[in-house]
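Survey of secondary and tertiary structure
Residues per chain, in single letters:
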Amino acid sequence: MKKKTKVGLACTDCGSRNYSKNKSAKLQTKRLEIKKYCSRCDEHTIHKETR
């Protein structure tokens, strides 16, 4: 069974942390980047993983 960790996703434009996501605990060099809706910016922006 692989372990999963919970990571937060922050908007790259305004910096608000809108979402959280489960991620596998494998060693990864790149941070997760997903295009999601930001209610503060009122548009779809790129959200990056925060730890």
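This section reports on the structure supplied with the text.

Rules and cut-offs
Residues numbered from 1 in each chain as written. Predicted model: local features only at pLDDT ≥ 70, side-chain atom pairs only at ≥ 80, totals over all residues. Heavy atoms only, no water. Helix = DSSP H or I, 4+ residues; strand = E, 2+ residues; numbered from the N terminus. Contact = heavy atoms within 4.5 Å. Phe/Tyr/Trp six-rings, centres within 6.5 Å; stacked < 30°, edge-to-face > 60°. Lys NZ or Arg CZ within 6 Å of the ring centre and 35° of its normal. Salt bridge = Lys/Arg side-chain N within 4 Å of Asp/Glu carboxyl O. Buried < 20%, exposed > 50% of the residue type's maximum accessible area, 1.4 Å probe, protein only. Disulfide = S-S within 2.5 Å.

**A word on the side chain of Thr 45**
With respect to the element layout, Thr 45 can be found in strand S4 (residues 43-50). In this structure Thr 45 touches Cys 11, Asp 13, Ile 34, Lys 35, Lys 36 and Cys 38, once residues within four positions along its chain are discounted.

**Overview of the packing of aromatic side chains**
One pass over the full model with this rule turns up 0 aromatic pairs. One residue, Lys 36, lies across the ring of Tyr 19, its end atom 4.6 Å from the ring centre.

**A look at the pattern of salt bridges**
According to the stated counting rule, one finds 2 salt bridges in the structure shown. Its salt-bridge partner being Glu 49, residue Lys 23 comes within 2.5 Å of it at the nearest N-O pair. Within this pair, whereas Lys 23 is found in strand S2 (residues 17-24), its partner Glu 49 is found in strand S4, the two being separated by 26 residues in sequence. Its salt-bridge partner being Glu 33, residue Lys 48 comes within 3.7 Å of it at the nearest N-O pair. Here Glu 33 lies in strand S3 (residues 33-38) and Lys 48 lies in strand S4, a separation of 15 residues in the sequence. On the basis of relative accessibility, which here comes to 40%, the residue Lys 48 falls in the partly exposed class. In this structure Glu 33 comes out as partly exposed when scored by relative accessible area, which is 48%.

**Focus: the state of the cysteines**
Under the defined criterion, the tally for this structure stands at 0 disulfides. A disulfide-free cysteine, Cys 11 has its sulfur positioned 3.8 Å from the sulfur of Cys 14, the nearest such atom. In this structure Cys 11 comes out as buried when scored by relative accessible area, which is 4%.

**Remarks on unusual backbone geometry**
Residue Asp 42 is not a glycine yet carries a positive backbone phi of 60°. Tracing the backbone through its elements, the reader meets Asp 42 in the loop between S3 and S4.

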